[in-house]
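Given next are the chains, with one letter for each unit.
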Amino acid sequence: MPVIELVNASKTYRRGSELITAVRDVHMSVEPGEFIAIVGPSGSGKTTLMNIMGCVDKPDGGIVRIDGVETNSLSERELTRIRAQKIGFVFQQFFLLPTLTAEENVLLPAVFIGNGSNSGRKHALELLGQVGLGSRAKHLPDQLSGGEMQRVAIARALINKPKILLADEPTGNLDSRNAESILRIFRDLNDTGITMVMVTHSPELASHAQRVFHIKDGTVDGVVETATTLGG
Amino acid sequence: MTLLTLSLKDLWRKPARSILTATGVALASATLFSLLSFNVGYKQSLKKEMADSGIHMLVSTEGCPMEAASLALHGGEIPKFLPEDRVPLIRAVPGVRAVTGMLIFSAPGENNRTDLFYGVDNEMLKLKPHWRLKGGWFKDDHSIVLGSEAARVEKRDVGDKVFFPEINAEFTVTGVLDRTGSEDDGFFFIPLKTAQTLFNKQGKLTGVGVNVGDVEQIDRVKDGIEKIPEVYVVTAQQMMDQILNLVGSSKTLMFAVLAIALVIAVLGVLNTVLMSVMEKLREFGYMRCVGASPGAVFRIVLIETLTLCLIGGWFGIMAGMFGSSIADTLIRKVLPYAPSGRMVVFDWSTMIITFAVTASIGALAGLYPSWKAAQAAPMQAIRND
């Protein structure tokens, strides 16, 4: 069963008096444990597509299923629960809270599902260790480099043990060396069975994924299996 | 970690802003606490002063309760005199336990001081059963009893002589009052006859203090005394009511100013917290993305606002407590009548009310920003193309 499935999904926004179709009749499925990239220029609709996959927005047409659950008719509360339990988010801006330590930032999503106590803390420290920041647990974000902050953000995205990791331009604010280390982490996570969906405008970054969906004018313009998939 | 920890830590994101906001609340809270304490203390002090005076009624030729109170309690002068022959008539009224004729005069003393002389007779002791005297009462016409403060200022003790150049009279100190905490501490008590001679008011009195045996019968006794010609009776309760009415206008003004201060505090907190929320909208959007419900985001902001206000409230109460003597001095300057005891008195209920009001400021000011934060959509966290 696909972990993400879109069947003729469409989304339209109103901008002033104008109606803009951001996503049109998108049909795609992602199998568990896959590493896919969604590539397209600015305005192509890849962010809207990510919103729909992440249950951050509902489509106006078509069907969306996350881990077999149809999300179209779910309430905001139910969508929040799905996001908390099944999906991890990594953003370009990191979104680390400046007054919380690395450990506390990682723990944040667990607090929202009532798991902010000792067992949650223990898991947070384990995750920081996994991303190579076990010794920086008590550091504040302004004491960390850009690459370290993004690694904290990745650990945070994993705290509630999600099945899917959605990454929106995760290396956008990083230099090439740090970008490479982040991608390495993504590949390692994918090897453990987590489904990776990375949105980027860089074909070079996208080549690290197993499948690349090219988006243009709100539709899937093509799907390419990369050398990674083909064992290259 | 909990939502509470999250809120508390977020207060330190912009420490200067948090401190300034809390200071605004502290100022409003200090004002509220001081005014409430004054409200409690003034009435208590006034009631005690009235009770300590031993005078349930004052008979004089002046019917204004304010003037009567000023006369009875602070030794104010009234340029009208009561004939001394009224005293036995007053004493004969059923229900009267003790009466004392008083002749009160002031004279300029040393160092721009005004010396208040109370000419009284032996009946005065019946009106002041709480007085403790070192030494004793008058022995002759040249005896003087000093209030505790008067004795300290004059540096005199029992047995010493004291000369007043302003009235060209010398007395022997027969007694010094233990501190009463009332205006009596500052008076010079001399025999009534001596005072009448010195100030050339033979057979005249400023007023007659009356103590009744049963306070429940005050009105009946008053009616009896008022049958005597050319006298005016003012009860202690009337004095107190009149003073409280007069002070009531000042209090209304002070509470109006307080209301404005509280509104400003609410608006100040609202503005600061709303500004903070608008700066963090994408962050709240992120929290919604990762599983925070709108209710959780609402609670984070509201807890932060309440904490800020309660911290401000606490410091305001501390400032009110430690600055009470300054508040006392300032209030004394604007009041038409101020009892001699402390007017700003602390009470647990006052503290609880102040906390409740500052919490209400927090709740009210925090409602809109919290709602605004809770409306942050998860999409706001995501990069806009």
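Our structure's up above, just so we're on the same page.
Residues numbered from 1 in each chain as written. Chains lettered and ligands numbered in written order. Predicted model: local features only at pLDDT ≥ 70, side-chain atom pairs only at ≥ 80, totals over all residues.

**Quick notes on the overall build of chain A**
The number of helices and strands found in chain A is seven helices and 10 strands. For chain A, the C-alpha radius of gyration of 18 Å lies close to 17 Å, the compact-globule estimate for 232 residues. Based on the C-alpha atoms only, the size of chain A along its principal axes is roughly 50 × 40 × 40 Å. Evaluated residue by residue, chain A yields a buried proportion of 47% over its 232 residues. The long-range fraction of contacts in chain A, counting pairs at least 24 apart against all pairs at least 6 apart in sequence, stands at 67%. (Helix = DSSP H or I, 4+ residues; strand = E, 2+ residues; numbered from the N terminus. Rg over C-alpha atoms; globule rule 2.2 N^0.38 Å. Buried ≥ 20, exposed ≤ 12 C-beta atoms within 10 Å, placed from the backbone. Contact = placed C-beta atoms within 7 Å.)

**Quick word on the pairing of strand β7 (residues 164-168) of chain A**
All names here are of chain A. The buried fraction of β7 amounts to five of the five residues, a majority that puts the element mostly inside the structure. Pairing geometry for strand β6 (residues 87-90) and β7, over four bridges, is parallel. Along β7, the bridge assignment pairs V90 with A167. Pairing geometry for β7 and strand β8 (residues 195-200), over five bridges, is parallel. (Pairing = 2+ DSSP bridges.)

**Some thoughts on the interface of chain B and chain A**
The interface of chain B with chain A comprises 22 residues on the first partner and 27 residues on the second. Elements with a contribution of two residues or more to the side of chain B that touches chain A: α1 (3-10) and α10 (281-289) of chain B. Sorting elements by how many residues they give to the side of chain B that touches chain A places α1(B) first, with four residues. Looking at the side of chain B that touches chain A residue by residue, the classes come out as 13 nonpolar, three polar and six charged. (Nonpolar A, V, L, I, M, F, W, Y, C, P; charged D, E, K, R; others polar.)

**Details of helix α13 (residues 348-374) of chain B**
Residue and element names in this part refer to chain B. The end-to-end C-alpha distance of α13 is 37 Å, a good match for the 39 Å that 27 residues give at a rise of 1.5 Å each. Most pronounced at L367, the bend in α13 amounts to some 40 degrees, and the proline P369 follows within four residues. Within α13 the residues assigned to the buried category are T350, T354, V357, T358, I361, G362, A365, G366, P369, S370, A373 and A374. In the core, the buried residues of α13 are packed alongside α2 (15-53), α9 (236-279), α10 and α11 (294-322). (Expected span 1.5 Å × (residues − 1). Bend = angle between axes of the 7 residues up to and from the residue.)

**Structural notes on the nonpolar core**
Formed by 161 residues in total, the largest nonpolar core has its most connected members in A:I38, B:F188 and B:V297. If one sorts the elements of this core by residue count, α2(B) sits on top with 13 residues. No fewer than three residues from each of domain 1 (3-48 + 243-381) and domain 2 (62-230) of chain B sit in this core. When sequence neighbours within four positions are dropped, the list of residues in contact with B:V297 reads B:F284, B:M287, B:R288, B:A292, B:A373, B:A374 and B:A376. (Core = buried A, V, L, I, M, F, W, Y, C linked by C-beta atoms within 7 Å. Domains from an automatic or database assignment.)

**A few points about the sheet that holds β6(A)**
Residues and elements named next belong to chain A. In spatial order, the strands read β6-β7-β8-β3-β9-β10; together these six strands make up an open sheet with mixed pairing. Looking along the sheet, the strands with just one partner apiece sit at the ends: β6 and β10 (219-225). Here the strands of the sheet are splayed against their neighbours by 20 degrees on average, with no regard to which way each runs. Against the sheet, helix α5 (residues 146-158) makes contact with β6 and β7, and its axis sits at roughly 165 degrees relative to β6, the strand it touches most. (Axes fitted to C-alpha atoms, helices over the stretch in contact; angles between N-to-C directions.)

**Some thoughts on the packing of α11(B) against α13(B)**
All names here are of chain B. One way to put it is that α11 packs onto α13 with a least axis distance of 7 Å and a crossing angle of 150 degrees. Classed by the angle they form, the pair α11 and α13 counts as roughly antiparallel. The two elements α11 and α13 cross, and the hand of that crossing is right-handed. Partitioned by chemical class, the residues of the contact of α11 with α13 number 20 nonpolar, eight polar and no charged. (Parallel < 35°, antiparallel > 145°, perpendicular 65-115°, else oblique. Left-handed = near helix turned anticlockwise from the far one by under 90°.)

**What about the sheet that holds strand β4 (residues 61-66) of chain A?**
Residue and element names in this part refer to chain A. If you trace the four strands from one edge of the open sheet to the other, you get β2-β1-β4-β5, paired in antiparallel fashion. Across the chains shown, the open sheet's two edge strands, defined by having one partner strand only, are β2 (18-30) and β5 (69-70). Relative to β2, strand β1 (residues 4-15) runs antiparallel, the two being bridged by nine bridges. Each residue of the ladder has a partner; that of A9, found in β2, is V26.

**What about the environment of B:Q237?**
Looking at where B:Q237 falls in the secondary structure, it is placed in helix α9. Distance in space between the C-alpha atoms of B:Q237 and B:Y368 is 49 Å, their sequence separation being 131 residues.

**What to know about unusual backbone geometry**
A positive phi angle is found at A:K161, which is not glycine, with a value near 55 degrees. The topology assignment puts A:K161 in the loop between α5 and β7. Here A:K161 falls in the exposed class, since 12 other C-beta atoms lie within 10 Å of it. The phi angle at B:N200 is positive, at roughly 60 degrees, despite the residue not being glycine. With respect to the element layout, B:N200 can be found in the loop between α7 (192-198) and β10 (204-205). On the neighbour-count criterion, B:N200 (7 C-beta atoms within 10 Å) is exposed.

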